[in-house]
Every structure is written in C-alpha cells, then in structure tokens.
Amino acid sequence: MLSGGPGCVHYLADRRLAPSGMRTWCPEPRGVGRSGGGPHDLRQAVADLEAVRRAANIEKWVVLGHSWGSDLAVRYALDHPDRVRAVVGVAGHGLHKDRTWKQAYEAGRHREADIEIAWVPAVHAALSASFVEWIHEPELFRRLADSPVPMTFVAAEHDIRPAWPLRQLAALVPRGSFEELPGVAHNFWATDPAIWAALATRLCAEASR
C-alpha cells in the first residue's frame, strides 16, 4: 500500500486502513520518516519496493496506491510485471503534465480540506522531476498498451483533480478498468476511513482471485 506525495510520510500506515484479512506492507519512502537515504529518482523508488518484496519472500502481490502512490504503482508494474498480481490506483494524478488539468486543480484548491502531512521537499522535488522525465519516454504508452497486469483506477467523485487521466489509463491498459467512488474527496482515507478500508478490501480481494 503506497501513499502519495511524493516525499510524504506514509500516511496510510494504519491497520484500520489496511485491506481486511490480508497481509499489508506500508514501506516508508526513501529519505522520509524512518527511512534512510535522501532525494532519489523513480528507478530507485521502484528498486526499493522490489527490495521489500524480496525481503518479505513474496512471489507476487497486489500494489495499491493513493494519489502519487497510484502513479508509482503503475511504474512498478511496468518494470516488474511478473511480480504484480494487480494494480489498484486510487485518486491518482495519471501520466501527464497537462495545463488544463493543472488549471482545474488550482481553481479547486480552496475547496479541498487541509490535512497536515509531514513531507520532505527535496525528496518531493527529485521524484517529481523524475516523473516528468518518465512520462516523456517515447515507449511509455506502448509499454502500457502491452502490459499484462490488471489495473483498476478509482476516482473520488469530489476530488478537485480531474479524472480523465485515470479514464485514459483504464482504456489504454488491456486489462484496465475504471470506477468512480461517490460522495468522497481526494483524502477520503482521512475523512472517511471506513469507506477507504471497504474499498481497499473489495478491490484487493477481487484482484487476488
């Protein structure tokens, strides 16, 4: 289970938010909170997740991510498709750098409830720059269109972040799907934890079948 940011402490590392009846790992990002290291790129972030999987002796797992964690989950699945049973991306940004998306996001900032989350600016900046480099890679969409990994993308109905990039991803990935969760905003893991836990439990259970 991957939290957002990038560069935030792992705000989902709470048993009440974990999928019910499943073992869950919440790795703190490199250079953040209890983790050592410092600013790094996406390649290192993926390598860190893979190191956790090997240390836990897991053959394949479901990778669930919120916000930035959703985008990281997609990258991990592209780099290690044989190790990912499925991706569950909730309220992600999508793989774009679109001006109209940014305008809609900025216009809605005043409507989004402030939630204090500790973060490391240097880690955020490094990963954000690496993300931009990644989405400019010529083969990215070809890799997505060829991915064998099932990917489910969920948009929160009241998220100020436009959902069209998630719909695009769901349409592009051969085994992709999209759904909208009614009545909640971007940070519903904090405002509606029971809804988060129920969604995570349902989607991870479906992905594990």
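Everything here concerns the structure above.
This structure is a prediction, so every number in the text was calculated from the model and none was measured. (Residues numbered from 1 in each chain as written. Predicted model: local features only at pLDDT ≥ 70, side-chain atom pairs only at ≥ 80, totals over all residues. Heavy atoms only, no water.)

Caption draft 1: Region of the structure containing the side chain of glutamate 50. Residue placement: glutamate 50 occurs in helix 1 (residues 42–55). Those residues in contact with glutamate 50 that lie beyond four places of it in its chain are Tyr76, His80 and Arg83. (Helix = DSSP H or I, 4+ residues; strand = E, 2+ residues; numbered from the N terminus. Contact = heavy atoms within 4.5 Å.)

Caption draft 2: Helix 6 (residues 164–172), seen in detail. Those residues of helix 6 that fall on the buried side of the exposure criterion are Pro165, Leu166, Leu169 and Ala170. All buried residues of helix 6 fall inside an arc of 140° around its axis, so they share one side. Buried residues along helix 6 sit against helix 3 (99–107), helix 5 (140–145), strand 3 (151–156) and strand 4 (176–181). (Buried < 20%, exposed > 50% of the residue type's maximum accessible area, 1.4 Å probe, protein only. Arc of directions from axis to C-beta.)

Caption draft 3: Layout of the pattern of salt bridges. This model, assessed by the stated rule, comprises 14 salt bridges. The partner of arginine 83 in a salt bridge is aspartate 82, and the shortest N-O contact between them spans 3.9 Å. When its relative accessible area of 28% is taken as the criterion, arginine 83 is described as partly exposed. Here aspartate 82 falls in the partly exposed class, since its relative accessible area comes to 49%. If you follow the salt bridges from partner to partner, you end up with Arg75, Asp79 and Arg143 in one network. (Salt bridge = Lys/Arg side-chain N within 4 Å of Asp/Glu carboxyl O.)

Caption draft 4: How the structure looks around unusual backbone geometry. Cis geometry marks the peptide bond from glycine 5 to proline 6; its omega dihedral reads 0°. As for its placement among the helices and strands, proline 6 is situated in the segment before helix 1. For asparagine 57, which is not glycine, the phi torsion reads 60° and is therefore positive. Examined against the element boundaries, asparagine 57 turns out to sit in the loop between helix 1 and strand 1 (61–66).

Caption draft 5: Focus on the nonpolar core. Counting 35 residues, the largest nonpolar core has Leu72, Val74, Leu95, Trp134, Leu144 and Met151 as its most contacted members. Where this core is concerned, the elements lending two or more residues are helix 1, strand 1, helix 2 (68–79), strand 2 (84–90), helix 4 (121–135), helix 5, strand 3 and helix 6. Looking at which element gives the most residues to this core, the answer is helix 2, with seven residues. Residues contacting leucine 72, with those up to four places away along its chain left out, are Leu2, Leu42, Ala45, Val46 and Leu49. Counting 20 residues, the second largest nonpolar core, distinct from the first, contains Val154, Leu181, Phe188 and Leu199. (Core = buried A, V, L, I, M, F, W, Y, C linked by side-chain atoms within 4.5 Å.)

Caption draft 6: Spotlight on the packing of aromatic side chains. This structure, assessed with the given rule, holds seven aromatic pairs. Between the aromatic rings of tryptophan 101 and tyrosine 105, the centroid separation amounts to 5.6 Å while the plane-to-plane angle is 15°, which identifies the pairing as stacked. Taken as a pair, tryptophan 101 and tyrosine 105 lie in helix 3 at a separation of four residues, close to a single helical turn. Just as tryptophan 101 is buried, tyrosine 105 falls in that class too. When the ring of phenylalanine 188 is compared with that of tryptophan 196, the centres are 5.4 Å apart and the planes differ by 50°; the resulting orientation is tilted. Here phenylalanine 188 and tryptophan 196 have matching classes, each one buried. Site record: aromatic cluster; members linked through ring pairs are Trp25, Trp61 and Tyr76. (Phe/Tyr/Trp six-rings, centres within 6.5 Å; stacked < 30°, edge-to-face > 60°.)

Caption draft 7: Examining the side chain of arginine 161 more closely. As for its placement among the helices and strands, arginine 161 is situated in the loop between strand 3 and helix 6. Engagement of the side chain of arginine 161 in a polar contact is seen with the side chain of glutamate 112, the distance being 2.6 Å. (Polar contact = N/O pair within 3.5 Å; in protein donor to acceptor, adjacent residues only side chain to side chain.)

Caption draft 8: Molecular detail of helix 8 (residues 193–208). In a regular helix each residue adds 1.5 Å, so 16 residues correspond to 22 Å; helix 8 covers 22 Å between its end C-alpha atoms and thus fits that length. What helix 8 keeps buried is the set Trp196, Ala197, Leu199, Ala200, Leu203, Cys204 and Ala207. Projected down its long axis, helix 8 carries its buried residues within an arc of 165°, all on one side. Along its buried surface, helix 8 packs onto strand 1, strand 2, strand 3, strand 4 and helix 7 (188–191). (Expected span 1.5 Å × (residues − 1).)

Caption draft 9: Representation of the sheet that holds strand 3 within the structure. On the basis of which strands lie adjacent, the open sheet formed by four strands has the order 1-2-3-4 and parallel pairing. A single partner strand is all that each edge strand has here, and the edge strands are strand 1 and strand 4. Neighbour-to-neighbour, the strand axes of the sheet open up by a mean angle of 15°, direction not taken into account. Examined bridge by bridge, strand 1 and strand 2 share six bridges and lie parallel to one another. Note on strand 2: the bridge partner recorded for tryptophan 61 is valine 84. Each of strand 1, strand 2 and strand 3 is contacted by helix 2, which is oriented at about 145° to strand 1, the strand it contacts most. (Pairing = 2+ DSSP bridges. Axes fitted to C-alpha atoms, helices over the stretch in contact; angles between N-to-C directions.)

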